[in-house]
Amino acid sequence: MAHFAKLDQDNIVITVNVVHNNELLVDGVESEQQGIDFLNNFFNTNDNWKQTSYNTNGGVHELGGTPFRKNYAGKGFTYDEAKDAFIRPQPYSSWTLNEDTCNWEPPVAMPEADDGQIYRWNEETISWVESTL
């Protein structure tokens with residue numbers, strides 16, 4: 001199955017739709033434009049769609065395939081045309097965008113998970129704290 005993100009006028013993802021791979025074929029080869037045309041014909045619109053890879057995160061394809069547009073798109077993500085990447089909303093103002101992965105990173109690395117604790121980010125103290133859940 002292929003996944004397509006519908007973008008608004010500001011390149012923000014509104015929704016992600018699934019299209020059967022057969023609908024992408026042109027002379028036996030998958031075509032993103034064919035999928036876009038299928039969706040616009042199906043919904044009787046002329047919307048802005050971009051294909052996204054369900055198995056891509058941080059520029060790595062989790063199943064060993066070819067990574068596509070850095071991250072799988074989700075509602076509220078931004079499509080950055082210059083980077084040809086989907087970027088999640090910034091979780092905290094202190095976090096910065098890693099230009100290679102197009103993922104947000106905290107200014108302080110999370111403690112190692114081998115201590116048995118669960119951590120959450122505290123923006124007020126700019127630090128990781130043990131969760132009390």
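Structure shown above.
So, how was this worked out
- Residues numbered from 1 in each chain as written.
- Predicted model: local features only at pLDDT ≥ 70, side-chain atom pairs only at ≥ 80, totals over all residues.
- Heavy atoms only, no water.
- Phe/Tyr/Trp six-rings, centres within 6.5 Å; stacked < 30°, edge-to-face > 60°.
- Buried < 20%, exposed > 50% of the residue type's maximum accessible area, 1.4 Å probe, protein only.
- Helix = DSSP H or I, 4+ residues; strand = E, 2+ residues; numbered from the N terminus.
- Polar contact = N/O pair within 3.5 Å; in protein donor to acceptor, adjacent residues only side chain to side chain.
- Contact = heavy atoms within 4.5 Å.
- Pairing = 2+ DSSP bridges.
- Axes fitted to C-alpha atoms, helices over the stretch in contact; angles between N-to-C directions.
- Salt bridge = Lys/Arg side-chain N within 4 Å of Asp/Glu carboxyl O.
- Expected span 1.5 Å × (residues − 1).
- Arc of directions from axis to C-beta.

1. Observations concerning the packing of aromatic side chains
On inspection of all chains with the given rule, the structure shows 10 aromatic pairs. Ring centres of F42 and F43 lie 5.0 Å apart, and the angle between their planes is 90°; on these two criteria the pair is classed as edge-to-face. F43 sits in the partly exposed class, given a relative accessible area of 39%. The interplanar angle of 55° and the centroid separation of 6.1 Å between the aromatic rings of W95 and W128 together place this pair among those described as tilted. Within this pair, whereas W95 is found in the loop between strand 9 (85-87) and strand 10 (96-97), its partner W128 is found in strand 13 (residues 127-130), the two being separated by 33 residues in sequence. Each member of the pair, W95 together with W128, is buried. Here the aromatic residues F38, F42, F43 and W49 are joined through ring pairs into a cluster of three or more.

2. Considerations on the side chain of N98
The topology assignment puts N98 in the loop between strand 10 and strand 11 (104-105). Polar contacts involving the side chain of N98 include one to the main-chain amide nitrogen of T101, which spans 3.0 Å. The residues contacting N98, other than those within four sequence positions of it, are N103 and E105.

3. What about the sheet that holds strand 2 (residues 13-19)?
Across a sheet, paired strands are connected by hydrogen bonds in the backbone, their directions being either parallel or antiparallel. With antiparallel pairing, three strands are arranged side by side in an open sheet as 2-1-5. Two strands in the sheet have a free side with no partner beyond their single neighbour: strand 2 and strand 5 (48-52). Ignoring strand direction, the axes of neighbouring strands in this sheet form an average angle of 30°. In the sheet, strand 1 (residues 2-7) pairs with strand 5 via five bridges, with the strands oriented antiparallel. The residue of strand 5 that forms the bridge with A5 is K50.

4. Considering the pattern of salt bridges
Pairing of side chains with opposite charge becomes possible as their charged atoms draw close. One pass over the full model with this rule turns up five salt bridges. Residues R69 and D84 are paired through a salt bridge, measuring 2.7 Å at the closest nitrogen-oxygen approach. Of the two residues, R69 sits in the loop between strand 7 (60-61) and strand 8 (78-80) while D84 sits in the loop between strand 8 and strand 9, which places them 15 residues apart along the sequence. Looking at D84, the relative accessible area reads 34%, which means it is partly exposed. Note that K83 is salt-bridged to E99, the shortest N-O span being 3.1 Å. Here K83, found in the loop between strand 8 and strand 9, pairs with E99, found in the loop between strand 10 and strand 11; they are 16 residues apart in sequence, far enough to count as distant. Residue classification places K83 among the partly exposed residues on the basis of a relative accessible area of 31%. Overlapping salt bridges, with partners in common, bring together E32, R69 and D84 in one network.

5. Considerations on the environment of N22
As for its position among the elements, N22 is in the loop between strand 2 and strand 3 (25-26). Between the C-alpha atom of N22 and that of M1, which follows or precedes it by 21 residues, the distance is 8.7 Å.

6. A few points about helix 1 (residues 32-43)
With 12 residues, helix 1 should reach 16 Å at 1.5 Å per residue; the first-to-last C-alpha distance of 17 Å fits that figure. Every buried residue of helix 1 is accounted for by G35, I36, L39 and N40. For helix 1, the arc enclosing every buried residue in end-on projection is 130°, short of the 170-degree limit, so these residues lie on one face. Exposed residues on helix 1 whose side chains face more than 90 degrees from its buried face are N41 and F42.

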